[in-house]
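If you want the building blocks of each chain, they are given just below.
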Amino acid sequence: MKTLALFRHAKSDWSDARARDFDRPLNARGQRGAAAMGRHVRDGRWRFDRIIASPAVRVAETIEIASRAWGRTFPVEWDRRIYLASSATLIDLLREVSGDPDSLLMVGHNPGLEDLIFDLVPDDGSSPLRAIVEQKFPTATFAVLECAIDRWEDIDIGCARLTELTRPRDLDPTLGPELLD
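1. Remarks on the packing of aromatic side chains
To describe a pair of aromatic rings, one takes the distance between the centres and the angle between the planes. One pass over the structure, following the stated rule, counts 6 aromatic pairs. Considering the side-chain rings of Phe22 and Tyr83, the 5.0 Å spacing of their centres and the 75° angle between planes classify their relative orientation as edge-to-face. A residue pair is termed long-range when its members are at least 10 positions apart, and Phe22 in the loop between strand 1 (2-8) and helix 1 (28-43) and Tyr83 in the loop between strand 3 (77-78) and helix 3 (87-95) qualify at 61 residues. Tyr83 shares its class with Phe22; the two are buried. When the ring of Phe48 is compared with that of Trp70, the centres are 6.0 Å apart and the planes differ by 85°; the resulting orientation is edge-to-face. Placement of the pair is Phe48 in the loop between helix 1 and strand 2 (50-53) and Trp70 in helix 2 (residues 57-70), with a sequence separation of 22 residues. On the basis of relative accessible area, Phe48 is assigned to the buried category, the value being 14%. On the basis of relative accessibility, which here comes to 11%, the residue Trp70 falls in the buried class. In textbook terms, an aromatic cluster arises when at least three aromatic residues are bridged by ring pairs, as seen for Phe7, Trp46, Phe48, Trp70, Phe74 and Phe142. One residue, Arg24, lies across the ring of Trp14, its end atom 3.6 Å from the ring centre. Across the ring face of Phe22, the terminal group of Arg80 is positioned such that the distance to the ring centre comes to 4.3 Å.

Rules used throughout
Residues numbered from 1 in each chain as written. Predicted model: local features only at pLDDT ≥ 70, side-chain atom pairs only at ≥ 80, totals over all residues. Heavy atoms only, no water. Phe/Tyr/Trp six-rings, centres within 6.5 Å; stacked < 30°, edge-to-face > 60°. Helix = DSSP H or I, 4+ residues; strand = E, 2+ residues; numbered from the N terminus. Buried < 20%, exposed > 50% of the residue type's maximum accessible area, 1.4 Å probe, protein only. Lys NZ or Arg CZ within 6 Å of the ring centre and 35° of its normal.

Here it is as structure tokens:
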């Protein structure tokens, strides 16, 4: 059994229309969301043997802020292939993981992370958490999948069970979507 945790970057800043997508930083709400999720992951006592992440600015800032809230820093393996990757690309990347760590945290973007959950977790009605992901996998959301595999190279469609899904609004309602009056 392998554990795959997925962490979508926190809310990014769109105020500079000239900034490249790759270079967009977090906005204030995103900073709060990253910190809240860092505390949540710390309090859940999750441990990861390896962290792989997109090198986009918003991902790097999410990891930095979440790590500070967690109270420790972690070595991160930056992989540009995660930036705006499809689920198929992410699965290929997971199959290449060396050393077969028991637990892995991937930090990246949608729609790739969301689609990865759809591909790995069977759509058979047995996962109420998958049904929530079908509605939306918001920024700064953290998910944990248990993969019924012995080696990462064996990861394949339908091999996982979604055991944890936490959105920022689950921790702090002010981090949820803005409601219109």
